[in-house]
Amino acid sequence: MPGQTVLSVEGLSVKFSHSDRPLTAVSEIDFELARGETLAIVGESGCGKSLTALALLGLIPTPGRIEGRAIRLEGRDILGLQGEAMRRLRGNRIAMIFQEPMTALNPVLTIGEQIVEAIREHEDVSSVDARKRAIGLLDRVRIPDPRRRFDDYPHRLSGGMRQRAMIAIALACSPAVLVADEPTTALDVTIQAQILELIDELKRETGTAVVLITHDLGVVAGYADRVLVMYAGRKVEERTTHDLLEAPLHPYTRGLIAARPRIGTRAGFRERLTEIPGIVPSLRDMPAGCRFAPRCPIATEACRLAPPPLIPVGAGGSVACLRIEDSRVSKPPADYSSAY
Ligand SMILES: Nc1ncnc2c1ncn2[C@@H]1O[C@H](COP(=O)(O)OP(=O)(O)OP(=O)(O)O)[C@@H](O)[C@H]1O
Ligand SMILES: [Mg+2]
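About the criteria used
Residues numbered from 1 in each chain as written. Chains lettered and ligands numbered in written order. Predicted model: local features only at pLDDT ≥ 70, side-chain atom pairs only at ≥ 80, totals over all residues. Heavy atoms only, no water. Helix = DSSP H or I, 4+ residues; strand = E, 2+ residues; numbered from the N terminus. Rg over C-alpha atoms; globule rule 2.2 N^0.38 Å. Buried < 20%, exposed > 50% of the residue type's maximum accessible area, 1.4 Å probe, protein only. Contact = heavy atoms within 4.5 Å. Areas by Shrake-Rupley, 256 points an atom, 1.4 Å probe, with all protein chains shown as cover. Lys, Arg positive; Asp, Glu negative; His and termini not counted. Charge placed at Lys NZ, Arg CZ, Asp CG, Glu CD. Salt bridge = Lys/Arg side-chain N within 4 Å of Asp/Glu carboxyl O. Near = heavy atom within 4 Å. Polar contact = N/O pair within 3.5 Å; in protein donor to acceptor, adjacent residues only side chain to side chain. Nonpolar A, V, L, I, M, F, W, Y, C, P; charged D, E, K, R; others polar. Axes fitted to C-alpha atoms, helices over the stretch in contact; angles between N-to-C directions. Parallel < 35°, antiparallel > 145°, perpendicular 65-115°, else oblique. Left-handed = near helix turned anticlockwise from the far one by under 90°.

Asker: Would you explain the overall build of the protein chain in this entry?
Answerer: Along its length, the protein chain carries 13 helices and 15 strands. The C-alpha radius of gyration computed for the protein chain amounts to 21 Å, which stays within 12% of the reference 20 Å derived for 340 residues, consistent with globular compactness. When burial is assessed residue by residue, the protein chain has 49% of its 340 residues classed as buried. At a minimum sequence separation of 6, the contacts of the protein chain that also span at least 24 residues come to 64%. Of the roughly 15900 Å² of accessible surface on the protein chain, a fraction of 52% belongs to carbon and sulfur atoms. Of the side chains in the protein chain, 43 bear a positive and 42 a negative charge, and the two mean positions are spaced by 1 Å.

Asker: What exactly am I supposed to notice about the side chain of Glu-182 here?
Answerer: Position of Glu-182 relative to the elements: it lies in the loop between strand S8 (177-181) and helix H8 (189-206). Buried and unpaired, Glu-182 has no salt bridge, with Lys-49 as the nearest side chain of opposite charge at 4.6 Å. Every residue in contact with Glu-182, bar those within four places of it in the chain, is listed here: Lys-49, Gln-99, Ile-213, Thr-214 and His-215.

Asker: Hey, could you run me through the site of ligand 1 in this one?
Answerer: Neighbouring ligand 1 are 14 residues, the closest being His-18, Ser-45, Gly-46, Lys-49 and Ser-50. A distance of 2.8 Å separates an oxygen atom of ligand 1 from a polar atom in the side chain of Lys-49. Bound to the protein, ligand 1 loses 67% of the 650 Å² it would expose on its own. Class assignment of the residues belonging to the shell around ligand 1 gives a composition of 5 nonpolar, 6 polar and 3 charged.

Asker: Even after reading the chapter, I still don't get the packing of helix H7 (residues 159-170) against H8, so can you show me in this structure?
Answerer: Packed helices, taken two at a time, are described by the angle their axes make and the gap between the axes. Viewed as axis vectors pointing N to C, H7 and H8 meet at an angle of 15°, and their least axial separation amounts to 10 Å. Classified by the angle their axes make, H7 and H8 are roughly parallel. Helix-helix and strand crossings are classified by hand; for H7 and H8 the assignment is right-handed. Where H7 abuts H8, its residues Gly-160, Gln-163, Arg-164 and Ile-167 lie against Ile-191, Gln-194, Ile-195, Leu-198, Ile-199 and Leu-202.

Right, here's the structure in full:
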């Protein structure tokens, strides 16, 4: 049934206690994901996208820890699930694909064996049936000649084919949620598009919901229904893709959109017209108020005093900015740098 919530994340935080003082890398993130929906998570490097993704699967490395009110997967709270209980869900009801498939694939097993393993870890099927299903999956992710490819080791495959194999493993048990962390960043542009199309097509066929982490706003425009923008570990804006790209409200989102690379006049030539000046604050030294205030062209004293609350905006969106009225009345400048 479309519209049904399959994942509901409430107040998710990720903390590290390396030293005397705990560092909060992800702060109280909330979002919901419906069946068959794609939610993109965007933000500059280091803002907590990967940690948010890993936390959903209970994969935060020690000394990190996950805190929050709930992570409800198909209605069941999985926050705090450990060991065997979490392993049973991982790869079964929630699965993940990574930027670099080689780190996730096992180099000493053939890709066919790895798919069979993924199936048999969660389902009681014979090895003959699992093999048939694995070949079917290789075919489904459009790996040519799947019967032969079944016996190939990962190093024999190209980057794009490896990514397809990883998708086959992730989808082996038809998970309710697929988390894709920059799944195409390491691939060339044509292959990137093919992989994104494949994920999108499989999502439409199976109803799997997708959390898609990306740096690329072109990818957001093409594949995401909604977008969650993170800055320094916090959610600063969440909107439908259409609303966000048409009329971004948070000054950080406006900066990201203005700073996106554009295709220049020469074929394949990409240029960044503007950058958001300044850097993301360090986890050890977070501003007390809005974390973007030190870089924000319209911040006031009030912005620096306390973290701004998330304010609901149209179509289920929200934005954490005290200056939202100013953002609403002024269209984002064509050249964001003029706002500084
Ligand atoms: N094991 C760790 N101990 C302490 N801090 C960590 C650890 N792992 C990650 N961090 C910090 O948490 C923050 C968020 O990291 P994360 O990998 O989620 O960022 P990201 O948004 O995925 O960045 P990128 O776009 O570069 O992949 C960063 O500041 C990072 O330095
Ligand atoms: Mg990352």
